[in-house]
Amino acid sequence: MARIAGICSTQPFEQMTHILSAMLTVSSINPEWQQKTEHSYKSFFGASHWETPLVELKNGILVAFDGYIYNGQELGLQQENNDAMIMISLYQKYGFVEAIQRINGDFAIALFDPRQDQLWLARDRFGIRPLYYTHSSEYFAFASQPKALFQLPGVTNRVNHQFVAIFASSHYRYFDNQPDQSPYADISQLPAAHVLQLTQGQVKKIRYWDLKEQPDPVASEQELAEQYRELLFNAVAMRLAVSKKPAFTLSGGMDSSSVLASATHLSGEKQHAFSSVYQDKTYDESEEIESMLETKVKKWHSILIEEEDIFPVIERMIGVHDEPVATATWLSHFLLCE
């Protein structure tokens, strides 16, 4: 995951570039991450990434991109250098909202068009990539994480007590927070499946996609199974195509096992798998995982979750996520990812 950030402001160039650099630095997971910045008219965009940050400027149109476009070939734009350039081409052909509707991917995108003097933000259909923003009479700013926005004058880390209380009192499967809020009172969040348009200081949010109820299927169980299998293979294949070094988390459940088995089938190769294992056998799924190892796994990376001082770990988790921690499951995933 990359980190993107940007500011739209008429304040002095040197001041804005300094703030943007601070925003990127504070939100980067690793100080060795690369940073790239561009500006167009009154907009200053940047990105940081362990590999190549996606910030592009073409014909005055400025784009910062975090994520992946899976259907670039289907869109006839596979010749573009990267997903940020694909976004510029789509925007020039269709406009912003229709361009976003045509993308199959997971993403957080910012685009500024100086000819229209418009800033656009977009977040993927299910909100896989985070995107936050704040604005005042002097600026509008966005970032992948709230902590980046604290670098702006007037933005504090004052807590949004209602948001945090819902986290504290609810099970993680039943959160009912307002999707446009964040844990911080001065910062808003762009909801999943929405675009934001900023024109002459006015903010407008548009929902571009929704999950609609469909009629009950009339096909046979065998036909439905084949349709589901094809959809699963298609989803895994698209992600394999953009992954340079694929690896898979693997538990004893059917979901992760199905994804891994699909990848092995599609690629014709066994894959690397990462699993959390536990000293306490109440939670350990090693026996269930073993059924996958011989036929699907090239190398199994088992991460032992041992008893340890939990509070420093939680502090690191919160520092990375920049949100409250809702469930102990996050602890295992966090230690595995480290």
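Preceding this section is the structure that the text describes.
Per-chain numbering applies: the sequence of each chain, read as written, is numbered from 1 onward. The model is predicted, so local features are restricted to residues of pLDDT at least 70 and side-chain atom pairs to those at 80 or more, both for listing and for counting; the totals for chains, interfaces and linings are taken over all residues. Side-chain figures throughout are based on the complete set of non-hydrogen atoms in the structure, without hydrogens or water.

### A closer look at the overall build of the protein
Working step 1: Here a helix means four or more residues in a row that DSSP labels H or I, a strand means two or more in a row labelled E, and each is numbered from the N terminus. For the protein, the helix and strand inventory stands at 10 helices and 15 strands.
Working step 2: In terms of overall dimensions, the protein has C-alpha extents of about 60 × 50 × 40 Å along its principal axes.
Working step 3: Note on contacts: a residue pair qualifies if any of its non-hydrogen atoms lie within 4.5 Å across the two residues. Of the contacts made within the protein by residues no fewer than 6 positions apart, 58% connect residues no fewer than 24 positions apart.
Working step 4: For every accessible area listed, the method is Shrake-Rupley and the probe measures 1.4 Å; residues are considered covered only by the protein chains on display. When the accessible surface of the protein is summed, it comes to about 18,800 Å², and 50% of that surface belongs to carbon and sulfur atoms.

### Considerations on the packing of helix α9 (residues 310–321) against helix α10 (residues 329–337)
Working step 1: Lines fitted to C-alpha atoms define the axes here, with helix axes fitted over just the stretch in contact, and angles between the N-to-C directions of these axes take values from 0 to 180 degrees. Axis separation between α9 and α10 bottoms out at 11 Å; the angle between their running directions is 80°. Relative to α10, α9 is oriented roughly perpendicular. Where α9 abuts α10, its residues Ile 310, Val 313, Arg 316, Met 317, Val 320 and His 321 lie against Trp 330, Leu 331, Phe 334 and Leu 335.
Working step 2: When residues are sorted by character, Ala, Val, Leu, Ile, Met, Phe, Trp, Tyr, Cys and Pro go into the nonpolar class, Asp, Glu, Lys and Arg into the charged class, and all the rest, Gly among them, into the polar class. By residue class, the composition of the contact of α9 with α10 is 8 nonpolar, 1 polar and 1 charged. Put simply, angles under 35 degrees are roughly parallel, angles over 145 are roughly antiparallel, angles from 65 to 115 are roughly perpendicular, and the rest are oblique.

### Topic: the packing of aromatic side chains
Working step 1: A pair of Phe, Tyr and Trp rings is counted when the ring centres sit within 6.5 Å of each other, with Trp represented by its six-membered ring. The angle between the planes then sorts it: under 30 degrees is stacked, over 60 is edge-to-face, the rest tilted. All chains considered together, the criterion is met by 10 aromatic pairs.
Working step 2: Look at NZ for Lys and CZ for Arg. If either is within 6 Å of the ring centre and within 35 degrees of the ring normal, a charge sits over the ring. Of note, Arg 102 hangs over the ring of Tyr 94, and the distance from its end group to the ring centre comes to 3.8 Å.

### Section: the sheet that holds strand β6 (residues 105–113)
Working step 1: Across the sheet, which stays open at both edges, the 6 strands sit in the order β4-β5-β6-β7-β11-β12 with antiparallel pairing between neighbours. Edge positions in the sheet fall to β4 (54–58) and β12 (202–207), since each of these pairs with one other strand and no more. Geometrically, the sheet is characterised by an average inter-axis angle of 15° between neighbouring strands, direction not taken into account.
Working step 2: Bridge count for strand β5 (residues 61–69) against β6 is 8 bridges, and the pairing is antiparallel. Two strands make a pair as long as DSSP finds a minimum of two bridges between them.

### Quick word on a negative patch on the surface
Working step 1: On the surface, Glu 285, Glu 287, Glu 288 and Glu 290 cluster together to form a negatively charged patch.
Working step 2: Inspection of the secondary structure puts Glu 287 in helix α8 (residues 286–296). Patch rule: a residue counts if its relative accessible area is over 30% and it has no salt bridge; like charges are joined within 9 Å, and nonpolar side chains (Val, Leu, Ile, Met, Phe, Trp, Tyr) within 5 Å. Any Lys or Arg side-chain nitrogen located within 4 Å of an Asp or Glu carboxyl oxygen qualifies as a salt bridge. Think of it this way: Lys and Arg go in the positive column, Asp and Glu in the negative one, and His and the chain ends go nowhere. Where a charge lies is defined by one atom per residue type, namely NZ (Lys), CZ (Arg), CG (Asp) and CD (Glu).

### Remarks on the environment of Ala 22
Working step 1: Among the structural elements, Ala 22 can be located in helix α1 (residues 13–27).
Working step 2: On a C-alpha basis, the gap between Ala 22 and Gln 181 in space is 24 Å, while along the polypeptide they are 159 residues apart.

It is worth stressing that arrangement in space is one thing and function is another; only the former is reported here.
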